[in-house]
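What the coordinates show
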Amino acid sequence: MRLAPTLLLSPWLFLTGLFPTAAVAADHCVDVQSRKGWQQLSLPTGKIRKVGYSGTWSVIAGQAAPVGPRGYSGQAAKKLGPLFGYKFDQSYAFGEMLVRDQAGRIVPFAEFAALAVNSRDPAGVYAFRINDKDIALWDNAGAIRICVSMR
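Notes on the structure in this doc start here. Keep in mind that this is a model prediction, so the values were computed, not measured.

Parameters and conventions
- Residues numbered from 1 in each chain as written.
- Predicted model: local features only at pLDDT ≥ 70, side-chain atom pairs only at ≥ 80, totals over all residues.
- Heavy atoms only, no water.
- Buried < 20%, exposed > 50% of the residue type's maximum accessible area, 1.4 Å probe, protein only.
- Helix = DSSP H or I, 4+ residues; strand = E, 2+ residues; numbered from the N terminus.
- Pairing = 2+ DSSP bridges.
- Patch = residues over 30% accessible without salt bridge, like charges linked within 9 Å, V, L, I, M, F, W, Y side chains within 5 Å.
- Areas by Shrake-Rupley, 256 points an atom, 1.4 Å probe, with all protein chains shown as cover.
- Salt bridge = Lys/Arg side-chain N within 4 Å of Asp/Glu carboxyl O.
- Lys, Arg positive; Asp, Glu negative; His and termini not counted.
- Charge placed at Lys NZ, Arg CZ, Asp CG, Glu CD.
- Phe/Tyr/Trp six-rings, centres within 6.5 Å; stacked < 30°, edge-to-face > 60°.
- Polar contact = N/O pair within 3.5 Å; in protein donor to acceptor, adjacent residues only side chain to side chain.
- Contact = heavy atoms within 4.5 Å.

Regarding the pairing of strand 6 (residues 124-130)
- In terms of burial, strand 6 is largely enclosed, as 5 of its 7 residues are buried.
- Relative to strand 6, strand 2 (residues 39-43) runs antiparallel, the two sharing 5 bridges. Along strand 6, the bridge assignment pairs Leu43 with Gly124.
- With 4 bridges joining them, strand 4 (residues 97-100) and strand 6 adopt antiparallel strand pairing. Across the sheet, residue Met97 finds its bridge partner in strand 6, namely Ile130.

A few points about a positive patch on the surface
- Residues Lys47, Arg49, Lys50 and Arg151 make up a contiguous surface patch of positive charge.
- Considering the arrangement of structural elements, one finds Lys50 in strand 3 (residues 48-58).

Points about the packing of aromatic side chains
- Taken as a whole and assessed by the stated rule, the structure comprises 5 aromatic pairs.
- Between Tyr53 and Phe109, the aromatic rings sit 6.0 Å apart at their centres with planes inclined by 85°, giving edge-to-face as the arrangement. A residue pair is termed long-range when its members are at least 10 positions apart, and Tyr53 in strand 3 and Phe109 in helix 3 (residues 109-116) qualify at 56 residues.
- A relative accessible area of 48% places Tyr53 in the partly exposed class.
- For the ring pair Phe109 and Phe112, a centre distance of 6.3 Å and an interplane angle of 40° mean the geometry is tilted. Of this pair, Phe109 and Phe112 both sit in helix 3, 3 residues apart, roughly one helical turn.
- These aromatic residues form a ring-pair network of at least three members: Tyr53, Phe109, Phe112, Tyr126 and Phe128.

A word on the side chain of Asp101
- Inspection of the secondary structure puts Asp101 in the loop between strand 4 and strand 5 (106-108).
- The exposure class of Asp101 is buried, given its relative accessible area of 16%.
- There is a polar contact of 3.0 Å between the side chain of Asp101 and the backbone nitrogen of Ala103.
- Setting aside chain neighbours within four positions, we find Asp101 in contact with Val125 and Tyr126.

Below, the structure written as structure tokens:
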């Protein structure tokens, strides 16, 4: 059986990009380890569709329950109160994920996620870490994966 030349040509045109295709979203992810300091993620020029996360971490493995990027609150935060001097930034909760932008500003992850979606040009290098001083990272456990979907 012999195929018509147009049927053979059509897939070739599609694969070589001669036909317009829909814009494709791309995910840019980083696994932010609780036992490391600042960890970087580079974002290209584009528009952020959404910012998501998965995973948990703890500031004291086996003693403090794992939490998400908002860190400890309520009774868990009170229990960690005497250790406040080990926070990287006293303005935020223990175990909260901190984000540093290209200008060096530090904000909590929740604020970064909310503002990023509305940013006109998010291109640049961002750094993420747990709100725990470098000298106290050794007893942490877990990681939180951050994914930024762009179009």
